[in-house]
Amino acid sequence: MSGTSDSVDPTVPAQPRSTEAGAPLDLAGRRGFARPSGALWVPGLSLLAAADLHFGKSERIARRGGALLPPYDGVETAARLGAEIEALRPRLVACLGDSFDDGRAAAALPDPLRERLAALQAGRRWLWIAGNHDPRAPELGGESAETMRIGPLILRHQAARAGPALGEVELSGHFHPKAQLVAKGRRIARRCFLWDGRRVILPAFGAYTGGLEISHPAYDALLAEGAQALLLSGGRVLAAPRTLSAG
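Residues numbered from 1 in each chain as written. Predicted model: local features only at pLDDT ≥ 70, side-chain atom pairs only at ≥ 80, totals over all residues. Heavy atoms only, no water.

A.B. asks: What is the right way to look at the pairing of strand β16 (residues 228-233) in this model?
C.D. replies: Looking along a regular strand, one sees side chains alternate from face to face of the sheet. For β16, the buried fraction is high: five of the six residues fall into the buried class. Two strands pair when backbone bridges link them, and strand β13 (residues 186-195) and β16 are joined in this way by four bridges, in the antiparallel orientation. When the sheet's bridge partners are listed, Leu194 is paired in β16 with Ala229. Of the strand pairs in this sheet, β16 and strand β17 (residues 236-241) are connected by six bridges, and their pairing is antiparallel. Directly across from Ser233, in β17, lies its bridge partner Arg236. As consecutive antiparallel partners, β16 and β17 are separated by two residues, and within that stretch Gly234 has a phi angle of approximately 60°, a positive value. (Buried < 20%, exposed > 50% of the residue type's maximum accessible area, 1.4 Å probe, protein only. Helix = DSSP H or I, 4+ residues; strand = E, 2+ residues; numbered from the N terminus. Pairing = 2+ DSSP bridges.)

A.B. asks: Help me understand helix α2 (residues 73-88) in this model?
C.D. replies: Since there are 3.6 residues in each turn of an α-helix, residues three or four apart along the chain are aligned in direction. Under the 1.5 Å per step criterion, the end-to-end length of α2 is 23 Å for 16 residues, consistent within 8% with the ideal 22 Å. Residues of α2 that are buried include every one of Asp73, Gly74, Thr77, Ala78, Leu81, Gly82, Glu84, Ile85, Ala87 and Leu88, and no others. The positive-phi residue at the C-terminal boundary of α2 is Arg89, with phi of around 55°. (Expected span 1.5 Å × (residues − 1).)

A.B. asks: So what exactly am I meant to see when it comes to the sheet that holds strand β3 (residues 30-34) here?
C.D. replies: Strand pairing in a sheet is mediated by backbone hydrogen bonds. Such pairs are either parallel or antiparallel. The seven strands lie next to each other as β2-β3-β4-β5-β6-β7-β8, forming an open sheet whose pairing is mixed. Of all strands in the sheet, those bounded by a partner on one side alone are β2 (23-27) and β8 (143-145). Strand-to-strand twist across the sheet, computed as the mean angle between neighbouring axes with direction ignored, equals 25°. Looking at chain direction, β3 and strand β4 (residues 40-42) are connected through two bridges and run antiparallel. Counterpart to Phe33 in the pairing with β4 is Trp41. Of the strands in this sheet, β4, β5 (47-50), β6 (92-95) and β7 (125-129) touch α2, which is tilted by about 165° from β5. (Axes fitted to C-alpha atoms, helices over the stretch in contact; angles between N-to-C directions. Contact = heavy atoms within 4.5 Å.)

A.B. asks: For this particular structure, what's the right way to read the pattern of salt bridges?
C.D. replies: In total, this model carries eight salt bridges according to the counting rule given. Close ionic contact of Glu86 with Arg89 constitutes a salt bridge, the shortest N to O distance being 3.8 Å. A salt bridge links Arg242 to Asp220, with the shortest nitrogen-to-oxygen separation between them at 2.8 Å. Of this pair, Arg242 sits in the segment after β17 while Asp220 sits in the loop between β15 (212-213) and β16, placing them 22 residues apart in sequence. Judged by relative accessible area, Arg242 falls into the buried class, the value being 14%. One salt-bridge network, held together by shared partners, links Arg156, Glu170 and Arg199. (Salt bridge = Lys/Arg side-chain N within 4 Å of Asp/Glu carboxyl O.)

Here it is as structure tokens:
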């Protein structure tokens, strides 16, 4: 399923309560901001996008006999997303796939988390993009699609090899990009956006999520030469060449 839509709920204020913190991006003539949280904010479309929330990850790992992680990843992820919604007041929230760690994890969400998600959806459009972990739409309200066009933006889970058409910008997730750097002899990792002027690959927004190092060859066919990494560090977004990573 795919769609094209620019409609938003006019009852929700378009203006954010806070200033647009983060790194500014030109999204085919629309101004966007790579936020320190890992979400992308497009004020002209009143759109907040986040990728790879992975609700239910700790439950899925425990169910499959893995490590018993503290079951607070969903609470933390929802709290961070709620803080962005409270600050920015978007009319449309787009979750770019892998919002749930698998179908059983979506069905097993505890009631308080379900209620929190319902409260975040109230009064605004909410879009679930299908991911490889959650190809079926969750029964949690909102709309669902494999891809969606919002203005000049193409929203999908995994970047398409063909790339966006002229005048379009693709927003995606899937890879959980992270950069490894060496500072004072220590190796550190930071979540990051990847950006080359026609594509934005968002970092994983969810707690307990790993990442694919940005020097990995999987990115080579997707990103133009000179692509930037927008690193999330200490409440700031720091731009650096993708080639800076020491991974």
